[in-house]
Amino acid sequence: MRRLFLHIGADKCGSSSLQGYFSNIPRMMQRDGRPLRYVLFKPVGIVGPTQVRQRTSHSPLGYVSSAPLSALSWKKPEVLEQVNRFLHRQEGDLITSCELWLRELPTAHGIERLQQLLVHLDSVELHLICTVRPPLEWLNSAWWQWGAWDNGARFDSWLDQAVQHTNWDRLLQKVATSLPEAKIHVGCSKPDVINTVLEMIGVDRNGRKNTPQINQSLPAAVLRLYQHQRLLRPNPNHCSIDFSALAALSTAKSKLEPAPWVINPSNVELILQRSADSTERLLEWLSPREKAKMRADSGWWDQRAYADRTVEDPHQAPVPQLEELCAEVLQAYHDQRLQILRLTSS
């Protein structure tokens, strides 16, 4: 029976790094000798490893992933024919990834869409993969991904609403109820999300060159510049400029400060209290190895893990290291221009 591994999230928990790894190495071998192929589930059908590499080479993100379940149907005859041809031609097990699925699957529409897809995949052994991180780390990252650019959102109100999105146990319970036949694998995104997931799917890294870190948090200088120049980041969904900024700073020689920490000690204590029960229940989803990693990470349990963080205003502050940022971006533009000139003159 063909194994089907679905990496379903969670968002902001290393998904882009995983997708970057699989996009660049879509053909793998499991320890038991079975081939494993990274594929994409798209509205047009299944995109295989060769096209994955082609799409990745043209992607400004540096990776490719499956579409949200809301965009998948596979009802048109030509799409079904493509899926059947692909499955007949492609031997081995399959893995795909979309970090939105963890939040889509607990809904009636999401589970209906996935079950429709599974019907066309014949008989498969279904494995669901989910990686998680401490709620406080997720919330600080999520503020700079979405909340800070939601015009009119006040931080304390946003935080009060957003904390419910870190109840990974509740989401996993709903998924397990909807898909009782699935084997669910849950692991920690730290310290290395790629190694965590490769262990789950039985693939050795075998000294392969690490793929670049993808979709890292932007440095404080860029985020504060966005807040001063809102045309750069007008809303939560207008984020393509983030990847341009990360690309420009990928070879930066200056050490730019990381994303500001915006959760004060009283909120740290409150969130740890609110998430304590769900965090304890989450342990039951983990393997002994992952459980030990989670217990050893004080960020899940202890407010002292955040005692050395300098708390900054979430809404507005001067742009730090502005000169260094300008110099790095100008140098990146200059290097790119020289490279284009060399290519066009050769």
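Up top is the structure these notes are about.
Residues numbered from 1 in each chain as written. Predicted model: local features only at pLDDT ≥ 70, side-chain atom pairs only at ≥ 80, totals over all residues. Heavy atoms only, no water.

Caption draft 1: Region of interest: the pattern of salt bridges. A full pass over the atoms with the stated rule returns 19 salt bridges. Linking Asp-11 and Arg-103 is a salt bridge whose minimum nitrogen-to-oxygen distance equals 2.7 Å. A residue pair is termed long-range when its members are at least 10 positions apart, and Asp-11 in the loop between strand E1 (2-9) and helix H1 (15-24) and Arg-103 in helix H4 (residues 101-104) qualify at 92 residues. You can call Arg-103 partly exposed: its relative accessible area is 26%. One network of salt bridges, with partners in common, ties together Arg-3, Asp-32, Arg-34, Asp-93, Glu-125 and Lys-183. (Salt bridge = Lys/Arg side-chain N within 4 Å of Asp/Glu carboxyl O. Helix = DSSP H or I, 4+ residues; strand = E, 2+ residues; numbered from the N terminus. Buried < 20%, exposed > 50% of the residue type's maximum accessible area, 1.4 Å probe, protein only.)

Caption draft 2: Geometry of unusual backbone geometry. Of the consecutive residues Gly-9 and Ala-10, the connecting peptide bond is found in the cis state with omega at 0 degrees. For Ala-10, the position within the fold is in the loop between E1 and H1. Along the chain, Lys-190 connects to Pro-191 via a cis peptide bond; the corresponding omega equals 0 degrees. With respect to the helices, strands and loops of the structure, Pro-191 is situated in the loop between strand E8 (183-188) and helix H9 (193-201). The residue Lys-12 is not glycine, and still its phi comes out positive at about 60 degrees. Along the chain, Lys-12 turns up in the loop between E1 and H1.

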